[in-house]
Amino acid sequence: MKISAGLPTGVSAALFDSARRRRRLEARLSTLLEERGFAEVLLPILDYFEPYRPLLTGRRLEQLYRFVDRDGQLLVLRGDFTPMLARLLAPHLDELELPLRLYYRGDVVRHQPLRPGRMREYSQLGAELLGGDEAEADERMLTLFFDLLLEARGEAPVSGDGEEHTLRVVLGVAGALDEALLAAAGEREASDLALRIASRDRTAARRAGLADVVERGYPADLSVLGGAGEAVSELLGLRDRLSSAYRDAGVEIEVDLAEFAAAALDPRIGVGDGRRGYYDGLMFAAYAPGTALALGVGGRYDKVFRSLSGDCSAVGFSFGLDLLLELGAAEARS
Amino acid sequence: MITFGLPKGRNLGPARASLAAAGLNLEGLDSSRLRQRFPDQNVLGTPVEVLLLKDWDLPLYVEHGIVDCAIVGSDVLEETQPDVFRPLQLKDGRSRLSLIAETPELPKRSGQLRAATRYPAWAARLLAARNLHVEVIHLTSSIELGPLLDLTDVAVDIVQTGGTLRAHDLHEIEVLATVAPTFVVNRASFHAHRRRLSGLLGALEETETGDD
């Protein structure tokens, strides 16, 4: 019988040099994480479906591969590390010594439309910081995010005006535009406006009085954001501090509320069921020229613990390891 | 350098004209060549590479980051739903997607209506939003032949001047959507070239009337 070497759609094998390269990158990033006091956790590939009902909503829940085990239990394949880690730790928060620094690496599986660079099974490496002062934790984790990016990129040949080799990190606050969206479009249209602004639709943004948000990332007058204005003001301060530290390394940091416009928190807007649905504070994403997707995303997700009846501040991020490998290879080529 | 994808065929003219009016003059563009470079004396302040590609392929090239930005028909975007930014729709070259039949009213049928279209996913969404749950038949050209040859009850297709409809004695029952050339940008390219693209998009907004 002839045996096919084919694999299911959205799945690939890393063989020989590609496996070596990935393991080397993992080792470099893990060393950096260990040096910063992060401890590795190994999480199972299988879990019950039930705990994820309150943690994941909408598209992310639908993307889980689920099946009935032989003993009748509804199980899922690991689709995300962060909620799994949260649900395992939440019942033991009283026994844990906070702050807690953890990192993980491994594959996740999601049934999602195939897009450039987006497989159904892919490798992630991520880190979580639980507990501690929130502002300090946000800054510490962003710094770690940048340092891991730079470690993955290696020596960057910043040439010419630098623009084409610069890593871009965009910062935002989940739900920062909610009040402005509701004020501009009302409850029925706010969701549609959020999606248009996330798509950088200049006409829709101008009509809503939010042209600044798509043109430069945030409004000149932060009072239009209502209660979120203060959080965005603090974010601009954080951007300035980090920019001066990372500009020479070729990292450009921008506040871009449009990027996270669809990560709404207000249930009347109702678009917060997307891939970043569980974030409720700082959000960030990293891009490099020539990559089709964000290299990594992260943010604050205290509400995940709240929905598990736990009270713990939490901030974390994850990188797509294949995208980081591409980044290093692209810089080496250039 | 910024790489532009422009559509081959009838949409190329309006796209070039809009870009030229906004300060990106592609003088000397040879429509028979795939890839051409232009110097940096333009509103972007950087050299520009232009790739001439088929309308239906452009979204994929933008998603992959092969081209940083492109001008693509909104019909193609609605059908293919690419993960790209869509900052602006151009005024020139607009048309409409309409529901077409041999009669001025929607044909009465005991079973499910059949609709011919080159946009099966988009047409199904638009018709479902009107409580019309139809069997969609995917055709790639001469969509008007669907109802004319009794393959389908109606057609969902682009109408520009209405000349084809008049020539075949067909009726435009309802305009379902406006179709416009749309400026699209790759996510990573948007962040990499944000300041430069913002200048071009601002100039495009000023030259286009912009509003639907």
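Basis of the calculations
- Residues numbered from 1 in each chain as written.
- Chains lettered and ligands numbered in written order.
- Predicted model: local features only at pLDDT ≥ 70, side-chain atom pairs only at ≥ 80, totals over all residues.
- Heavy atoms only, no water.
- pLDDT = per-residue confidence, 0-100.
- Helix = DSSP H or I, 4+ residues; strand = E, 2+ residues; numbered from the N terminus.
- Polar contact = N/O pair within 3.5 Å; in protein donor to acceptor, adjacent residues only side chain to side chain.
- Contact = heavy atoms within 4.5 Å.
- Pairing = 2+ DSSP bridges.
- Axes fitted to C-alpha atoms, helices over the stretch in contact; angles between N-to-C directions.
- Salt bridge = Lys/Arg side-chain N within 4 Å of Asp/Glu carboxyl O.
- Buried < 20%, exposed > 50% of the residue type's maximum accessible area, 1.4 Å probe, protein only.

Trainee: Would you mind showing me how to read the confidence of the model for chain B here?
Mentor: Here chain B shows a mean pLDDT of 91. Residues at 70 or above account for 98%. The complex prediction reports pTM at 0.91, with the ipTM value standing at 0.88.

Trainee: Before we go on, may I ask you to explain the side chain of B:Thr152 in this structure?
Mentor: Residues and elements named next belong to chain B. Among the structural elements, Thr-152 can be located in the loop between helix H5 (145–148) and strand S9 (154–159). At a separation of 2.9 Å, a polar atom in the side chain of Thr-152 contacts the main-chain carbonyl oxygen of Val-154. Those residues in contact with Thr-152 that lie beyond four places of it in its chain are Arg-114, Ala-115, Ala-116, Ile-137, Gly-146 and Pro-147.

Trainee: In this structure, what is going on with the sheet that holds strand S5 (residues 85–89) of chain B? I would like to understand it.
Mentor: Across a sheet, paired strands are connected by hydrogen bonds in the backbone, their directions being either parallel or antiparallel. Residues and elements named next belong to chain B. Strand order in this open sheet of six strands is S2-S3-S1-S4-S11-S5, and the pairing throughout is mixed. The open sheet is flanked by strand S2 (35–38) and S5, the only strands paired with a single partner. Within the sheet, the average angular offset between the axes of one strand and its neighbour, ignoring direction, is 25 degrees. With three bridges connecting them, S5 and strand S11 (residues 181–185) associate as antiparallel partners. Considered in S11, the bridge of Phe-85 is made with Val-185. Most of the contacts of helix H8 (residues 194–207) go to S11, to which it runs at about 165 degrees, and overall it touches strand S1 (2–7), strand S4 (69–73), S5 and S11.

Trainee: I tried to follow the pattern of salt bridges on my own but got confused; where do I start?
Mentor: Oppositely charged side chains are able to pair whenever their charged atoms sit close together. Counted under the stated rule, the structure contains 43 salt bridges over all chains. Note that A:Glu254 is salt-bridged to A:Arg168, the shortest N-O span being 3.9 Å. Placement of the pair is A:Glu254 in strand S8 (residues 251–255) and A:Arg168 in strand S7 (residues 167–173), with a sequence separation of 86 residues. Considered together, A:Glu254 and A:Arg168 belong to a single accessibility category, that of buried residues. A salt bridge links B:Arg114 to B:Glu135, with the nearest nitrogen and oxygen atoms 3.2 Å apart. Here B:Arg114 is found in strand S7 (residues 114–117), whereas its partner B:Glu135 is found in strand S8 (residues 135–138), with 21 residues between them in sequence. Under the relative-accessibility criterion, B:Arg114 is labelled partly exposed at 30%. For B:Glu135, a relative accessible area of 32% translates into the label partly exposed. Each of A:Arg118, A:Arg168, A:Arg200, A:Glu254, A:Asp256, A:Glu259, B:Asp83, B:Arg187 and B:Arg194 takes part in salt bridges that share partners, so that together they form one network.

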